[in-house]
Amino acid sequence: MRFAFTEDQQTFRAQVRQALRSPEVRAAAAQATGAHGVEPDARPLYRLLGRLGLLAVHWPVEFGGAGRPPTDAAIVAEELVRAGVPDTFHVNTIQIVGQFLLMAGSEEQKRRYLPALARGESFASVLYTEPDAASDLGALRAVAEPEGDDYRITGTKVFSLKTRFVDLGLCAARTTPGAGKYQGISLFLVDMTAPGVTVSVIPGIGDEHFHRVDLDSVPVPGGNLIGPRDGGWPLLNEALAVERTGLDYYLKAERWFDAALDALLDADPDSGHEDRLEQIGRWHGALTADHVLSWEVLTGLAAGRVDQLAAAVAKYHSSELAQSVATWAVGIPTPAQRAGRTREALILDSAHREAPGLTLSAGTSEVMLQIVTAAFDSAGQEEH
């Protein structure tokens, strides 16, 4: 169990924080922040962060990283959000797709794709969820039909983020239909500019948009198959555990909680706000526990352990907490703060519209509870 950061980690955090305080980064972050349902293109900001070497510090040097410990990548992720950097590109491109390539990609795939991702010159997203499958990836219907040494993928994916801005999609598709619910599935890197790819926005209330991706016989080179053919299910489980550290949800909750406190202080600096102290203390305690849960998953991944149960617990707790904080915090800004469109009022309004999707993306809360229940059932059977 980890309860504190080392001296080296604290020094590294201070260096990252200092770099993110530059006027250039602050201006780019402000331009990349969405508001009122408008989602700007955040790629210029990420190209700047890539030039500063802040996107993939834990990747090996030969793949564009700095060769630092994986836990330092989590420190960077925390400081990016605290500096107001919209985090979805980092979560999707670096933390999920890039990390998955590091774990399961061939040496040639790593050399071909990772350096551009680390420089902020190329971006990626995941293409797992389908209209009739939702979070049950065993029900996915997209098919990858062989064509010589290559493939053609046909199907529909939904609820992916930043998709109209990305270059690559990590796509799950069936290579042997009828083999079984969890058999015959493979993973591919899909060129999002390839013929047959159509990306459209799914209408929603958040500043960040979900997308639908229609794949109509999209050509995919055989070299873009990740891992063994028909061996995608174990890889998907590893990929989902990587996706479910809970850190990104914790950071959202922390940012929204801090914005609510700032709004309270701005509205009445001389008040002790006694009527809210108990709830504020409860949120602070829950956030502290949530941070520990996320770091338990992260330190496990850094040590090469993929703990799907711990990841499910962290994802469930962090997303439910972030949603609850957003619901509470939206009532904090005063009418005058709302009318004045203060920074805190805008952040909390955006949070309230984003929050409903938090317990759906990366696996619903119901799926997380099923994973936990199955683990308890398995433990009970072993005892008897």
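Residues numbered from 1 in each chain as written. Predicted model: local features only at pLDDT ≥ 70, side-chain atom pairs only at ≥ 80, totals over all residues. Heavy atoms only, no water.

Draft legend 1. Inspection of the overall build of the protein chain at higher detail. For the protein chain, the count of helices and strands is 13 helices and 8 strands. Its C-alpha atoms give the protein chain a radius of gyration of 21 Å, near enough to 21 Å, the size a compact globule of 384 residues would have. Across its three principal directions, the C-alpha atoms of the protein chain cover 75 × 60 × 45 Å. Per-residue burial over the protein chain gives 50% buried out of 384 residues. Residue pairs in contact within the protein chain that sit at least 24 positions apart in sequence constitute 76% of those at least 6 positions apart. Summed over its atoms, the accessible surface of the protein chain is roughly 17200 Å², and 54% of this surface lies on carbon and sulfur atoms. If the 34 positive side-chain charges of the protein chain are averaged to one point and the 50 negative ones to another, these points end up 4 Å apart. (Helix = DSSP H or I, 4+ residues; strand = E, 2+ residues; numbered from the N terminus. Rg over C-alpha atoms; globule rule 2.2 N^0.38 Å. Buried < 20%, exposed > 50% of the residue type's maximum accessible area, 1.4 Å probe, protein only. Contact = heavy atoms within 4.5 Å. Areas by Shrake-Rupley, 256 points an atom, 1.4 Å probe, with all protein chains shown as cover. Lys, Arg positive; Asp, Glu negative; His and termini not counted. Charge placed at Lys NZ, Arg CZ, Asp CG, Glu CD.)

Draft legend 2. Molecular detail of the nonpolar core. One finds Leu 49 and Tyr 128 to be the most contacted residues of the largest nonpolar core, which totals 104 residues. By residue number, the principal contributor to this core is helix H8 (residues 247-267), which donates 11 residues. Excluding anything up to four places from it in sequence, Leu 49 contacts Leu 20, Val 25, Leu 54, Leu 55, Leu 80 and Val 85. (Core = buried A, V, L, I, M, F, W, Y, C linked by side-chain atoms within 4.5 Å.)

Draft legend 3. Representation of the layout of surface pockets within the structure. One number sums up the size of the largest pocket: a volume of about 920 Å³. Around the largest pocket sit 43 residues that line it, and Phe 159, Leu 161, Phe 210, Ser 361 and Ala 362 are the ones nearest its centre. Counting only elements with at least two residues in the lining of the largest pocket, the list comes to helix H5 (88-104), strand S1 (124-127), strand S3 (150-161), helix H7 (232-243), H8 and helix H12 (343-354). The dominant element in the lining of the largest pocket, judged by the number of residues it contributes, is S3, at 5 residues. Of the residues that constitute the lining of the largest pocket, the class distribution is 20 nonpolar, 13 polar and 10 charged. Approximately 630 Å³ is the volume attributed to the second largest pocket. Taken together, 27 residues line the second largest pocket, and the ones lying closest to its centre are Thr 33, Gly 34, Pro 86, Arg 255 and Ser 350. Top contributing element to the lining of the second largest pocket by residue count: H12, with 8 residues. Its residues placed into classes, the lining of the second largest pocket shows 10 nonpolar, 6 polar and 11 charged. (1 Å grid on protein atoms, 1.4 Å probe; cavity = no way out; pocket = protein on both sides within 12 Å on 5 of 7 lines; lining within 4 Å. Points joined across faces, edges and corners; volume = space filled by probe spheres on them. Nonpolar A, V, L, I, M, F, W, Y, C, P; charged D, E, K, R; others polar.)

Draft legend 4. Local environment of the packing of helix H4 (residues 70-82) against helix H9 (residues 274-302). Their axes nearest at 8 Å, the elements H4 and H9 cross at an angle of 145°. For the pair formed by H4 and H9, the contact residues are Pro 70, Thr 71, Ala 74, Ile 75 and Glu 78 on the first element and His 291, Trp 295, Leu 298, Thr 299 and Ala 302 on the second. Per-class residue counts for the contact of H4 with H9 are 6 nonpolar, 3 polar and 1 charged. (Axes fitted to C-alpha atoms, helices over the stretch in contact; angles between N-to-C directions.)

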